[in-house]
Structures are given as C-alpha cells and as structure tokens.
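# Summary of the model geometry
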Amino acid sequence: MRSQPKGWCAANRGRANRGMRRQRVEIPFRATHAGFAHAFSRLRGALDGEGLDPAPRYNVELVFEEIVANIVAHGAVDGREPDVRVTLEPSSDSIVLKFEDDGPPFDPRGRTDPVPAKSLEEARIGGFGLMLVRRAASALDYLRTAEGRNRVTVTLPRGGTPVRSCEAVV
Amino acid sequence: MQLQLGDAGDGVLNVVLIGRLDTPGVDRIEAELTTHLVRYGTRATIDLSQVAFIGSAGIRMFITIARALDRKAGRMVLYGARPLVAKVLETVSLDYIVPVRADAIAAEGVVRG
C-alpha cells in the first residue's frame, strides 16, 4: 500500500521544493497597452517559479488579464492613465492577487453576469471579463482606500494535493 | 500571436491561430483577421488547437467578427480548443451564438452545411 504513495510523494516533494521559492512579487506599471504587455510578461515569469498546475495557473493569468484590461480600458481621466501596482502573494494553498490603481472608483463586486444571448445581434460584447474573474476566484474583495485608490483583492485556490498528507507517509 | 491562412476548398478559409488571445495578442491580430474574414463575407473555420490562452478580449473579438460576418451571409466556426480554452468558451456560453466544434471535420460540416 505504501509503494504507490511514495511515488506520489516524490512528485509532490518536488512541488514542495519549488514552493520554497514562493515570494511576494510587486509589479508596478502605467495602465497603457505597452505597460499591460510588459506587466503580463513579468507576471508569467514570476509564475514560472511557482510550480502551479495548468488549471490554477491559467486562472491566475485570466484574473490578471481581466482586471488589468478593465483598468486600461476605463481608468484614464483627462487623458492620464492610472498608475497600477499588482502584487502576487503565493502561499501553500492559495494565490492572492492585489490590484491597486489611482483611477476612478470601480467596485467589481456588484456587477451581474451577462445573460447568454440567443442571437448574434443581441449578444453583449462586454461583461464577460468580470464573469470569468468571479468563476475563477474563491474570494473577491474591494476597497476604496483613504488615499483614493482602488484596491481589488482576488484569492484563487492553488489546487493540487497538500504536501502535508505526504509527510505522514514518508 | 500569429495567424496562418489556408484554403480548405469550396471557398472555405481555414485560419490557424497560434499563441495567446489575451489583450496584447488580440491587439496584434484583430485588424488583420477581421480584414481577411469580413471583407468578402467569408465562410471560415478557425483552428484554436495552438491557442494556449483566451480571455474576454478574445471572446469579444470572435463575437464582433461573427456578427459582421452574419450580416454579409458569411459564417465562422471555431474548433480544436484545448481543455482550458474550451472551458472559457463554455463559461461564457459562446457556443450559443458562434458554433464551436471539437475538430476540423465537424467544423467543416457546419460551415459548409
């Protein structure tokens, strides 16, 4: 009975070792298309060291994409793009993404999902981004800070099996 | 993000998309893809098997192109999506308004039908 868990544990020790590199990463950028592309590249580089399974990694990138795209599209005031700071906070069981920007107040929590369209003519173009964020996240919080910044905090499950249950077998 | 165009016969265009359909990726190909598909009301199959990521920017692009094609009696069918990409298409119910099929044969059946 133990031979199979040992193989399983070897694979998961590798994951745990990769987890030793877990660290908080801050990505500051201006909310332009170029800033977005650069920041997205930095996020993917940081995620490379996290050893996430494909599905949770996809969801982290999806949340980043949707929240930042929204800031880039709607955050500018009088032609000035917001300053954005994204913080990636990995832990053993979750990934937390914090998005701060100095654009106009925007609380993503109260938005409703688009209703599936019955035809191309009536199909909505917008609204899917926040819907995808809500589907991917285990928690979504918003605060307008005293300094006048939006702070959106998204928690995503890390996925995979906890390494702790492996240690009992070895 | 890249696109490759191929002739699938009988006036059907096959488009292979390669890369990531995130906002930067959509910015790179949307104008070119729209030009190729919409100008002549093309019937087209879109191969997603080499698309590693799609977000709402990609969904918006497909709805916009499909709507413009519909007005010109053209048609577009998506096929071959990887599981994580297929999950996004399913979550937003894209297949209610744009046909999504598992493979090229099924997609060609729809676009020629």
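Parameters at a glance
- Residues numbered from 1 in each chain as written.
- Chains lettered and ligands numbered in written order.
- Predicted model: local features only at pLDDT ≥ 70, side-chain atom pairs only at ≥ 80, totals over all residues.
- Helix = DSSP H or I, 4+ residues; strand = E, 2+ residues; numbered from the N terminus.
- Contact = placed C-beta atoms within 7 Å.
- Axes fitted to C-alpha atoms, helices over the stretch in contact; angles between N-to-C directions.
- Parallel < 35°, antiparallel > 145°, perpendicular 65-115°, else oblique.
- Left-handed = near helix turned anticlockwise from the far one by under 90°.
- Nonpolar A, V, L, I, M, F, W, Y, C, P; charged D, E, K, R; others polar.
- Buried ≥ 20, exposed ≤ 12 C-beta atoms within 10 Å, placed from the backbone.
- pLDDT = per-residue confidence, 0-100.
- Pairing = 2+ DSSP bridges.
- Right-handed = clockwise from strand over helix to strand, strands pointing away.

Take the overall build of chain A next. What chain A contains, in helices and strands, is five helices and five strands. Along chain A, helices and strands appear, N-terminal first, in the series α-β-α-α-β-β-α-β-β-α. Here the contacts in chain A between residues at least 6 apart in sequence split such that 67% fall between residues at least 24 apart.

What follows covers the packing of helix H2 (residues 33-48) of chain A against helix H3 (residues 54-74) of chain A. Residue and element names in this part refer to chain A. At their nearest, the axes of H2 and H3 sit 11 Å apart, and the two run at 160 degrees to each other. Considering the angle they form, H2 stands roughly antiparallel to H3. Relative to H3, the crossing made by H2 is right-handed. Two secondary-structure elements touch here, H2 through His33, Phe36, Ala39, Phe40, Leu43, Arg44 and Leu47 and H3 through Arg57, Val60, Glu61, Phe64, Val68 and Val72.

On the side of chain B, 22 residues touch chain A, which itself brings 25 residues to the contact. Take the side of chain A that touches chain B: its biggest share by element is eight residues, from H3(A). Considering only residue class, the side of chain A that touches chain B consists of 16 nonpolar, three polar and six charged.

All names here are of chain B. For aspartate 95, the location among the structural elements is in the loop between helix H3 (83-91) and strand S5 (100-101). Counting along the chain gives 17 residues from aspartate 95 to leucine 78, while the straight-line C-alpha distance between them is 9.1 Å. Ignoring any residue separated from it by four or fewer positions in sequence, one finds aspartate 95 in contact with Leu89 and Val100.

Backbone geometry places Asp78(A), a non-glycine residue, at a positive phi of 50 degrees. With a phi close to 55 degrees, Asp10(B) is a non-glycine residue in the positive phi region. On the neighbour-count criterion, Asp10(B) (9 C-beta atoms within 10 Å) is exposed.

This next bit is on the confidence of the model for chain A. Residues with a pLDDT of 70 or more make up 81% of chain A, whose mean pLDDT is 83. Note that residues 160-170 of chain A has pLDDT below 50 and, in this model, 13 contacts with residues that lie over four places away or in other chains.

Residues and elements named next belong to chain B. The strand order across the open sheet built from five strands is S1-S2-S3-S4-S5, with neighbouring strands paired in mixed fashion. Taken across any chain shown, the strands that pair with only one partner, and hence form the sheet edges, are strand S1 (2-9) and S5. Bridge count for strand S2 (residues 12-21) against strand S3 (residues 43-54) is nine bridges, and the pairing is parallel. Of the residues in S3, the one forming a bridge with valine 15 is isoleucine 46. Helix H1 (residues 23-38) contacts S1, S2, S3 and strand S4 (75-79) of the sheet and is inclined by roughly 175 degrees relative to S2.

As a further point, take the confidence of the model for chain B. Residues and elements named next belong to chain B. In this model, chain B carries an average pLDDT of 95, and 100% of its residues clear a pLDDT of 70 or more. S1 is the least confidently modelled element of chain B, averaging 93 in pLDDT, while S5 averages 98, the highest of any element. The ipTM assigned to the predicted complex is 0.92, against a pTM of 0.86.

In contact at an axis separation of 9 Å, H2(A) and H1(B) are set at 125 degrees when each is read in the N-to-C sense. What the angle tells us is that H2(A) and H1(B) run oblique. Contact residues: H2(A) offers His33(A), Phe36(A), Ala37(A) and Phe40(A), while H1(B) offers Thr23(B), Pro24(B) and Asp27(B). In terms of residue class, the contact of H2(A) with H1(B) is built from four nonpolar, two polar and one charged.

Below, the discussion takes up the sheet that holds strand S3 (residues 94-101) of chain A. Note: strands within a sheet are paired through backbone hydrogen bonds, in either parallel or antiparallel orientation. All names here are of chain A. The five strands are arranged S1-S2-S3-S5-S4 in an open sheet whose pairing can be described as antiparallel. The open sheet has two free edges, formed respectively by strand S1 (25-30) and strand S4 (139-144), since each of these has just one partner strand. Averaged over neighbouring strand pairs, the angle between their axes works out to 15 degrees when direction is ignored.

Right, let's talk about the pairing of S3(B) for a bit. All names here are of chain B. Buried residues dominate S3, accounting for nine of its twelve residues. Handedness of the S2-H1-S3 crossover: right-handed. Where S3 meets S4, five bridges bridge the pair, whose relative direction is parallel. Looking across to S4, one finds that alanine 44 is bridged to methionine 76.

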